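Observations on chain architecture
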Amino acid sequence: MIINVDLKHTDYNIYIERGNLAKAGELFNLNRKVLIVTDSGVPKEYAECVASQCKAGFIETVVQGEESKSIEVYEKLLKKMLEAGFTRKDAVVAVGGGVCGDLAGFVASSFMRGVDFYNIPTTVLSQVDSSIGGKVAVNLGGIKNIVGAFYQPKAVLIDPETLKTLPQRQVSAGLAEAVKMAVNFDKELFEKIEASENPMDMIDEIIAGSLLIKKRVVEEDEKESGLRKVLNFGHTVGHAIESVAEGGLYHGECVALGMLAVCEKEVKERVLKVLESLKLPTSFKAEKARLSEAVSHDKKAGASTVTVIISDKIGTFKMQEESLDELSERMEQFYL
Ligand SMILES: NC(=O)c1ccc[n+]([C@@H]2O[C@H](COP(=O)([O-])OP(=O)(O)OC[C@H]3O[C@@H](n4cnc5c(N)ncnc54)[C@H](O)[C@@H]3O)[C@@H](O)[C@H]2O)c1
């Protein structure tokens, strides 16, 4: 399956097919120097498979985990390109999850003011969400994604076979992002996930369905001035839980919990069941003061309210401004 993302200034294809990792050389222009960015948790065969299809492939393996989305690692990769004599006509490929994609994309966006970037996402989260849309970034001073760019890939290759090696907990965390999109935009997809005994049996459909949603949203609002904000559904409370949990929970797990705070009663009951079936956490407890303090960080400086995406009916959403007190009430279920 090919999905075309059509933006005002560019367009690119997402190729989704089992086994297409071996076709990277046909789908991408790898007939040049290519920096392949992967991490230590991604089976090395994936990057090697891509390297074998390049004229000159240079594999750089960063340490797995969020810490690699740093200025230091970013600099190391740029230096590697300099040393290897990369020019503006060469390319960067990410082979891994959202960490590799965000990092490699930012390297590609800035080396010689931008070289071609290809993304090969290998986690559920990156296949359903982060690999398209062009947000690339690293973290700085403890703040996530604070240094980055909007830089669209030249193409994206998704091989669902690569998910076979992904730990179950990572699979579930990624599926939370797919549920997030279905709740707001696609009743049919949500109902299919709801009815499925094992959503991994329909993972190809979930990936395609999620990407079609994200494509629509990004095509309408590339730089997140309006509709794209809906993709942050569950994220305000989710981010607060993520920071209070201090690394104990994955991002997708926090989004799952965060969604529960912004679904109205009937939707919440259905979402809760789906999250349980996906083996995602549905309860969390922390001190009220810590959660309230953490949630206030999502508030823009000077503003007294936060934009919250609410789901009152599967397949649609409401966007409303809420005060910190109102948000605090929504989080009641998480207080000790
Ligand atoms: N750019 C965007 O639009 C966007 C959207 C959402 C999230 N993100 C970012 O994505 C990142 C999270 O991405 P993630 O959840 O993919 O995490 P990740 O990239 O850290 O990958 C999770 C773990 O899975 C391992 N892994 C990856 N592929 C594997 C495979 N096929 N088999 C076995 N292990 C594998 C990795 O080594 C890592 O340890 C965060 O930094 C977040 O900020 C970006």
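Fair warning: this is a prediction, and the values are worked out from it, not measured in the lab.

Structural notes on the site of the ligand
Near the ligand lie 29 residues; those nearest to it are G41, G97, G98, T123 and S130. In the shell around the ligand, the residues fall into seven nonpolar, 15 polar and seven charged.

Structural notes on the packing of helix α6 (residues 168-185) against helix α10 (residues 251-261)
Think of two packed helices as two axes; the pair is described by the angle between the axes and how far apart they sit. Packing of α6 against α10 brings their axes to within 7 Å, and their N-to-C directions diverge by 35°. In the crossing of α6 with α10, the sense of the turn from one axis to the other is left-handed. Contact residues: α6 offers A173, G174, A176, E177, K180 and V183, while α10 offers H251, G252, E253, V255, A256 and M259. Each residue belonging to the contact of α6 with α10 can be placed in one class, and the counts come to six nonpolar, three polar and three charged.

Digging into the environment of A84
You can see A84 is positioned in the loop between α3 (71-83) and β5 (91-96). We classify A84 as exposed; it has 12 C-beta atoms within 10 Å. Residues A84 and F58, 26 residues apart in the sequence, show an inter-C-alpha distance of 8.7 Å. With near-sequence residues (within four places) excluded, A84 lies in contact with K33 and F58.

Focus: unusual backbone geometry
The phi angle at R113 is positive, at roughly 65°, despite the residue not being glycine. Tracing the backbone shows R113 in the loop between α4 (98-110) and β6 (116-121). Note on R113: 7 C-beta atoms within 10 Å, which makes it exposed.

Points about the domain arrangement of the protein chain
For the protein chain, the assigned domains read domain 1 (2-165) and domain 2 (177-334). One C-alpha centre belongs to domain 1, the other to domain 2, and the line joining them spans 26 Å. The interface of domain 1 with domain 2 comprises 17 residues on the first partner and 17 residues on the second. Of all the secondary-structure elements, those providing two or more residues to the side of domain 1 that touches domain 2 are β1 (2-6), β2 (11-16) and α5 (124-130). No other element matches α5, which puts four residues into the side of domain 1 that touches domain 2.

Notes on the sheet that holds β5
Ordered in space as β1-β2-β9-β6-β5-β3-β4, the seven strands form an open sheet in which the pairing is mixed. The open sheet terminates on both sides in strands that have one partner only, identified here as β1 and β4 (56-62). Strand-to-strand twist across the sheet, computed as the mean angle between neighbouring axes with direction ignored, equals 15°. The pairing of β2 with strand β9 (residues 155-158) spans four bridges and is parallel. Pairing of I14 across the sheet is with V156, part of β9.

Structural notes on helix α2 (residues 44-51)
Those residues of α2 not exposed but buried are Y46, A47, V50 and A51. Seen along its axis, α2 keeps its buried residues to an arc of 135°; they face one direction. Contact partners of the buried residues in α2: α1 (24-27), β3 (33-39), β4, β5 and β6.

Some details on the environment of S52
Note that S52 resides in the loop between α2 and β4. Look at S52 and you get exposed, because 12 C-beta atoms sit within 10 Å. As for S52 and K79, which are separated by 27 residues in sequence, their C-alpha atoms are 23 Å apart.

Regarding helix α8 (residues 203-220)
Helix length check: α8, at 18 residues, gives a terminal C-alpha distance of 26 Å against a target of 26 Å (1.5 Å per residue), a fit within 8%. Listed in full, the buried residues belonging to α8 are I206, I207, G209, S210, L211, I213, K214, V217 and V218. Turning to α8, the residues buried within the fold contact β1, β2, α5, β9, α6 and α7 (187-195).

Procedures and definitions
Residues numbered from 1 in each chain as written. Predicted model: local features only at pLDDT ≥ 70, side-chain atom pairs only at ≥ 80, totals over all residues. Near = placed C-beta within 6 Å. Nonpolar A, V, L, I, M, F, W, Y, C, P; charged D, E, K, R; others polar. Axes fitted to C-alpha atoms, helices over the stretch in contact; angles between N-to-C directions. Helix = DSSP H or I, 4+ residues; strand = E, 2+ residues; numbered from the N terminus. Left-handed = near helix turned anticlockwise from the far one by under 90°. Contact = placed C-beta atoms within 7 Å. Buried ≥ 20, exposed ≤ 12 C-beta atoms within 10 Å, placed from the backbone. Domains from an automatic or database assignment. Pairing = 2+ DSSP bridges. Arc of directions from axis to C-beta. Expected span 1.5 Å × (residues − 1).

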